Amino acid sequence: MPHVIVKMWPGKSEGQKKRLAERITQDVMDILDYGEESVSVAMEEIPSKDWAEKVYQPDILGKPGQIYKQPGYTL
């Protein structure tokens, strides 16, 4: 039952978020062999001023064993 959370800066349109969720869902289904009913996708908007504290430090630096694609930036 994969649940994917996408954390991003605010400013993307609802249409962009829906398209991203559709593509993530399709890839999860294709790659992990789950049915659509098993996949959920959430979008969490994090203001840029809070990114280091709420995302970079706890989720990227704090969980290195869970990162499968490193960001190309440092803070």
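From a predicted model like this one, the values you see are computed outputs, not experimental measurements. (Residues numbered from 1 in each chain as written. Predicted model: local features only at pLDDT ≥ 70, side-chain atom pairs only at ≥ 80, totals over all residues. Heavy atoms only, no water.)

Trainee: Help me out: how do you make sense of the overall build of the chain in this one?
Mentor: Assigned secondary structure in the chain consists of two helices and two strands. Listing the helices and strands of the chain from first to last along the sequence gives β-α-β-α. Dimensions of the chain, computed from the C-alpha atoms along their principal axes, are close to 35 × 30 × 20 Å. A total of 75 residues make up the chain; the buried ones form 23% of that total. Accessible area for the chain stands at about 5800 Å²; split by element, carbon and sulfur atoms hold 53% of it. (Helix = DSSP H or I, 4+ residues; strand = E, 2+ residues; numbered from the N terminus. Buried < 20%, exposed > 50% of the residue type's maximum accessible area, 1.4 Å probe, protein only. Areas by Shrake-Rupley, 256 points an atom, 1.4 Å probe, with all protein chains shown as cover.)

Trainee: Help me understand the pattern of salt bridges in this model?
Mentor: Oppositely charged side chains can form a pair if their charged atoms are brought close together. According to the stated counting rule, one finds six salt bridges in the structure shown. Across the pair Lys 7 and Asp 59 runs a salt bridge whose closest N-O atoms are separated by 2.5 Å. Remark: Asp 59 occurs in helix α2 (residues 51-61) and Lys 7 occurs in strand β1 (residues 3-8); sequence separation between them is 52 residues. Here Lys 63 ties to Asp 59 by a salt bridge, and the two come within 3.8 Å at their closest N and O atoms. On the basis of relative accessibility, which here comes to 35%, the residue Lys 63 falls in the partly exposed class. (Salt bridge = Lys/Arg side-chain N within 4 Å of Asp/Glu carboxyl O.)

Trainee: Explain the nonpolar core to me, please; I cannot follow it from the model alone.
Mentor: Side chains of nonpolar character tend, in soluble globular proteins, to be buried together. In this structure, Val 6, Met 8, Ile 24, Val 28, Met 29 and Val 39 together form the largest nonpolar core, which totals six residues. Of all the secondary-structure elements, those providing two or more residues to this core are β1 and α1 (14-32). Trp 51, Val 55, Tyr 56 and Ile 60 belong to the second-largest nonpolar core, a separate cluster that totals five residues. (Core = buried A, V, L, I, M, F, W, Y, C linked by side-chain atoms within 4.5 Å.)

Trainee: Could you clarify how one ought to interpret unusual backbone geometry in this entry?
Mentor: A negative phi holds for most residues other than glycine; trans holds for most peptide bonds. The backbone phi angle of Asp 33 is positive, close to 60°, even though this residue is not glycine. Structurally, Asp 33 is set in the loop between α1 and β2 (40-45). By relative accessible area, which is 70% here, Asp 33 ends up exposed.

Purely spatial values, then, with no claim about function.
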